[in-house]
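Here is what each chain is made of, one letter per residue.
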Amino acid sequence: MAKVRKMCSGREYCSAQIASLFRRWNAREYLFGENEIAAAIAELERDGYICDARFVRAYARDKARFGGWGPEKILYKLREIGLPAAIADDGTEKPLRSIVEQALDSVDTEGQLKKILSRKWLSLRKKEEPLAGKRARLLKFALSRGYSYSSAAKAVAEITQP
């Protein structure tokens, strides 16, 4: 348990990641049953080492700021990690989407989108392809990064103006 506490004090983890870690350790040698894993996670949460809502906020801010990810991709990856659709935050259950949107309020997602699309546009401008094809590629790129269609289409139109 001391090893897990040290890990959690160094960076943010969520309860699903810690449970997965315990299960991986069990694959090598049996250390923890499901009841022990749940008790250990509850103890870590009570002591403040892990908090799913805090993890979601940090994850969303970092992925948006440094990875250029949009809200949809962030939500997809959080679900992939194993977080539930609703998370306890300040004593109440909040939907995962609202916690991510709250975290992204501090990040200029529109500016991030324009920045990554501008870089992509520089590489596409040199290609011998009709403008409509280049715009479609930019739009597809923005959607793959997790931005909504409306914000992606608006940014693509601004960037590709002749």
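Residues numbered from 1 in each chain as written. Predicted model: local features only at pLDDT ≥ 70, side-chain atom pairs only at ≥ 80, totals over all residues. Heavy atoms only, no water.

1. So, the pattern of salt bridges
Here the structure, examined in full by the defined rule, presents eight salt bridges. A salt bridge links arginine 54 to glutamate 12, with the shortest nitrogen-to-oxygen separation between them at 2.9 Å. One end of the pair, arginine 54, is in helix 4 (residues 52-67); the other, glutamate 12, is in the loop between helix 1 (2-10) and helix 2 (15-28), and 42 residues separate them in sequence. For arginine 54, a relative accessible area of 31% puts it in the partly exposed group. The shortest N-O distance in the salt bridge between lysine 77 and glutamate 80 comes to 3.5 Å. With lysine 77 and glutamate 80 both in helix 5 (residues 71-81) and three residues apart, this pair spans about one turn of that helix. By sharing partners, the salt bridges in this structure join Arg5, Glu43 and Asp47 into a single network. (Salt bridge = Lys/Arg side-chain N within 4 Å of Asp/Glu carboxyl O. Helix = DSSP H or I, 4+ residues; strand = E, 2+ residues; numbered from the N terminus. Buried < 20%, exposed > 50% of the residue type's maximum accessible area, 1.4 Å probe, protein only.)

2. Points about helix 6 (residues 96-104)
Within the sequence span of helix 6, burial applies to Leu96, Ile99, Val100, Ala103 and Leu104. Seen end-on, helix 6 carries its buried residues on one side only, within an arc spanning 135°. Looking at the buried residues of helix 6, the elements they touch are helix 4, helix 5, strand 1 (86-89), strand 2 (92-95) and helix 7 (109-125). (Arc of directions from axis to C-beta. Contact = heavy atoms within 4.5 Å.)

3. Digging into the side chain of lysine 134
Counting through the fold element by element, lysine 134 comes out in helix 8 (residues 131-144). For lysine 134, which is buried and forms no salt bridge, the nearest opposite charge comes from glutamate 129, at a distance of 6.6 Å. Ignoring anything within four residues of it in the chain, the contact list for lysine 134 reads Trp121, Leu124, Arg125, Lys127 and Glu129. (Lys, Arg positive; Asp, Glu negative; His and termini not counted.)

4. Considering the state of the cysteines
Tallying each qualifying case throughout the model produces zero disulfides. You can see cysteine 8 has no disulfide; the closest cysteine sulfur is in cysteine 14, sitting 9.8 Å from it. On the basis of relative accessibility, which here comes to 7%, the residue cysteine 8 falls in the buried class. We classify cysteine 14 as buried; its relative accessible area is 0%. (Disulfide = S-S within 2.5 Å.)

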